[in-house]
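Each chain is listed here by its residues.
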Amino acid sequence: EHHISLDNLCRDLNIAWTSTPSHASDLDLLERFNLPCYKTGSDDLTNLPFLKAIAEKGKPMLVSTGMCSLGEIEAAVDTIYSTGNLKLVLLHCVVSYPSQIEDANLRVINTLRNAFNIPIGLSDHTNDEFTSVLATQMGVVVIEKHFTLDHSLKLPDHEASLDPVEFSKLV
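As the structure is a computational prediction, the values presented were derived from the model and not from experiment. (Residues numbered from 1 in each chain as written. Predicted model: local features only at pLDDT ≥ 70, side-chain atom pairs only at ≥ 80, totals over all residues. Heavy atoms only, no water.)

J.: Quick rundown of the overall build of the chain? Include the residues and the values.
T.: In terms of regular secondary structure, the chain is built from seven helices and six strands. Over its C-alpha trace the chain gives a radius of gyration of 16 Å, about what one expects of a compact globule, namely 16 Å for 171 residues. Projected onto its principal axes, the C-alpha coordinates of the chain cover approximately 45 × 40 × 25 Å. Buried residues in the chain amount to 41% of all 171 residues. (Helix = DSSP H or I, 4+ residues; strand = E, 2+ residues; numbered from the N terminus. Rg over C-alpha atoms; globule rule 2.2 N^0.38 Å. Buried < 20%, exposed > 50% of the residue type's maximum accessible area, 1.4 Å probe, protein only.)

Set out below in structure tokens:
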């Protein structure tokens with residue numbers, strides 16, 4: 001029911017939305033909506049059958065790479081490409097919430113670009129916009145940034161989120 005409400009609201013506002021499936025049942029649910037792409041979490045990068053199932057849908061994929069080796073990333077890229085789906089962006093990701101700016105390790109962006117010769121993005125879990133701004137100067141094509149309406153709410157990922165004022169600074 002929540003997905004239907006979200007889809008209707010976004011359609012009314014002419015806003016595209018997407019979601020991160022974690023299981024095949026999530027993918028089945030999300031296929032009911034006309035999502036422009038799928039994003040996968042770093043915890044699914046080595047779940048090659050799941051990545052293949054998502055890639056077979058033929059939609060662009062945003063694939064987080066946190067905690068993974070270059071070999072694991074290569075296996076994921078090969079699995080996705082084996083389906084004929086070449087619409088892939090790898091997201092550099094530090095998987096602490098919130099991440100500290102000094103731990104952002106943005107040089108990984110160049111490492112991923114040089115290793116795979118595909119578009120690179122950033123899944124930014126810092127608590128301000130600075131890391132994302134630096135990443136754009138390095139040529140990333142996607143920024144994933146968590147959003148909250150109110151920092152006083154105690155919700156998951158809240159410390160790694162920007163509120164509307166902070167998010168407008170990033171934009």
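J.: Please provide a residue-by-residue account of the side chain of S161, values included.
T.: Relative to the helices and strands, S161 resides in strand β6 (residues 161-162). Here D157 takes part through its backbone oxygen, which lies 2.8 Å from a polar atom of the side chain of S161. (Polar contact = N/O pair within 3.5 Å; in protein donor to acceptor, adjacent residues only side chain to side chain.)

J.: Can you lay out the pairing of strand β2 (residues 61-64) for me, pointing to particular residues and giving the numbers?
T.: Burial of the side chains of β2 extends over both faces: M61 and V63 are buried on one face and L62 and S64 on the other. Each parallel crossover has a hand, and the one from strand β1 (residues 38-40) via helix α3 (residues 48-55) to β2 is right-handed. Bridge count between β2 and strand β3 (residues 88-93): four bridges; the pairing is parallel. Looking at β3, one finds that S64 is bridged to L91. Running through helix α4 (residues 70-81), the crossover from β2 to the neighbouring parallel element β3 is right-handed. (Right-handed = clockwise from strand over helix to strand, strands pointing away. Pairing = 2+ DSSP bridges.)

J.: Please provide a residue-by-residue account of the environment of I143, values included.
T.: Along the chain, I143 turns up in strand β5 (residues 143-147). Once the C-alpha coordinates of I143 and G121 are considered, the two residues, 22 residues apart in sequence, prove to be 5.8 Å apart. Apart from the residues within four sequence positions on either side, I143 is in contact with L122, S132, A135 and T136. (Contact = heavy atoms within 4.5 Å.)

J.: Quick rundown of the side chain of D44? Include the residues and the values.
T.: If you trace the backbone, D44 turns up in the loop between β1 and α3. This buried residue, D44, is left without a salt bridge; K39 holds the nearest opposite charge, at 8.8 Å. If we ignore the near neighbours within four places in the chain, the residues touching D44 are P21, S22, F50 and L51. (Lys, Arg positive; Asp, Glu negative; His and termini not counted. Salt bridge = Lys/Arg side-chain N within 4 Å of Asp/Glu carboxyl O.)

J.: Please set out the sheet that holds β2 residue by residue, giving values where relevant.
T.: Read from one edge of the open sheet, six strands run β1-β2-β3-β4-β5-β6, paired in parallel fashion. Only two strands of the sheet have a single neighbouring strand rather than two, namely β1 and β6. Bridging between β1 and β2 involves three bridges; their strand directions are parallel. When the sheet's bridge partners are listed, T40 is paired in β2 with V63. Packing of helix α6 (residues 130-137) onto the sheet brings it into contact with β4 (120-124) and β5, and relative to β4 it is tilted by some 175°. (Axes fitted to C-alpha atoms, helices over the stretch in contact; angles between N-to-C directions.)

J.: With reference to specific residues and values, describe unusual backbone geometry.
T.: Look at the link from Y97 to P98: it is a cis peptide, with omega at -5°. Along the chain, the position of P98 falls in the loop between β3 and α5 (107-116). Unusually for a residue other than glycine, N105 sits at a positive phi of about 50°. Tracing the backbone shows N105 in the loop between β3 and α5. The phi torsion at N117 lies on the positive side, around 50°, for a residue other than glycine. For N117, the position within the fold is in the loop between α5 and β4.

J.: Pulling in residues and values, what's your account of the packing of aromatic side chains?
T.: Enumeration according to the criterion identifies two aromatic pairs in this entry. Between W17 and F33, the ring centres sit 5.6 Å apart and the planes meet at 65°, which makes this aromatic pair edge-to-face. Placement of the pair is W17 in the loop between α1 (2-13) and α2 (24-30) and F33 in the loop between α2 and β1, with a sequence separation of 16 residues. Neither W17 nor F33 differs from the other in exposure class; each is buried. Ring geometry for F147 versus F167: centroids 5.5 Å apart, planes at 90°, classification edge-to-face. One end of the pair, F147, is in strand β5; the other, F167, is in helix α7 (residues 164-170), and 20 residues separate them in sequence. On the accessibility criterion, F167 (25% relative accessible area) is partly exposed. (Phe/Tyr/Trp six-rings, centres within 6.5 Å; stacked < 30°, edge-to-face > 60°.)

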